[in-house]
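Breakdown of the fold
If you want the building blocks of each chain, they are given just below.
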Amino acid sequence: MPRIVDHEQRRRGIAKVVSGLVLKGGAEAVTIRAVAEECGYSTAIVCHYFRSKHEMLAYTQRMAWQRGLSRIRKASREGKDLLTCLDFALPTTSQRWQDWHCLFAFWGQTPDIKGIETEWRESSTTSYDLFIDLIAAAQGRGEFDPAEDPKEVATEVQAAINGIATLAAIQRPDWPASRQREMLRRQLVRLGYRPKSQTV
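Scope of this entry: the structure provided in the associated data block. Note that the structure is a prediction, hence the values are computed from the model and not measured. (Residues numbered from 1 in each chain as written. Predicted model: local features only at pLDDT ≥ 70, side-chain atom pairs only at ≥ 80, totals over all residues. Heavy atoms only, no water.)

**Digging into the layout of surface pockets**
Taken as a whole, the largest pocket spans an internal volume of roughly 340 Å³. If you trace the largest pocket, you find 22 residues lining it, with Trp-65, Trp-100, Leu-103, Ser-127 and Asn-162 closest to the centre. Of all the secondary structure elements, the ones that give two or more residues to the lining of the largest pocket are helix H4 (53-77), helix H6 (94-107), helix H7 (116-140) and helix H8 (150-170). Tallying contributions element by element places H4 first for the lining of the largest pocket, with six residues. Grouping the amino acids of the lining of the largest pocket by side-chain chemistry returns 13 nonpolar, six polar and three charged. Approximately 210 Å³ is the volume found for the second largest pocket. As for the second largest pocket, its lining consists of Arg-12, Gly-13, Ala-15, Lys-16, Ser-19, Thr-60, Met-63, Arg-67, Gln-95 and Gln-98. Counting residues per element, the ones that place at least two in the lining of the second largest pocket are helix H1 (7-25), H4 and H6. Across the lining of the second largest pocket, the residue classes tally to two nonpolar, five polar and three charged. (1 Å grid on protein atoms, 1.4 Å probe; cavity = no way out; pocket = protein on both sides within 12 Å on 5 of 7 lines; lining within 4 Å. Points joined across faces, edges and corners; volume = space filled by probe spheres on them. Helix = DSSP H or I, 4+ residues; strand = E, 2+ residues; numbered from the N terminus. Nonpolar A, V, L, I, M, F, W, Y, C, P; charged D, E, K, R; others polar.)

Have a look at this one:
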């Protein structure tokens, strides 16, 4: 009998290799041949799943931001406070740093690539919508100023997280997890966050 292949699992495996190549050498390190060699596949097999370097990068960064949002959603379902939930968006662990590295590499691609602006918009909009829900839930729990517009706050939170991640990427030794978290906490407090467990 022919061996049954889990195609989605194989795509995820290729994406993991792409992520590692990006971490080591940036987007320039990603080629069909390099990925095939790292996976132990022929280039024909890699091309069966991804027609181009762009498709590989697009899929890999989609997996990266979906992982991040899944962590945040899980924390929210578990009843964690706003700051704890949003902490999962920061590059404070090796895996999260690698995911952010993939996002930065993908965001650096030329806008002339077909479909790339749609990919950019999807990741941004999905994150934004989740942040709106988190802010509204925090307001309902009394953790956030109810007078603030969740949509406006979500935009500022998104800008703050992207900014912290960018600074951490540029000056990684200067931005340990503790500093990232404290910066996020300060930004949230300025926006209206009022954790019950702390005196702000």
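What follows continues from the structure just given.
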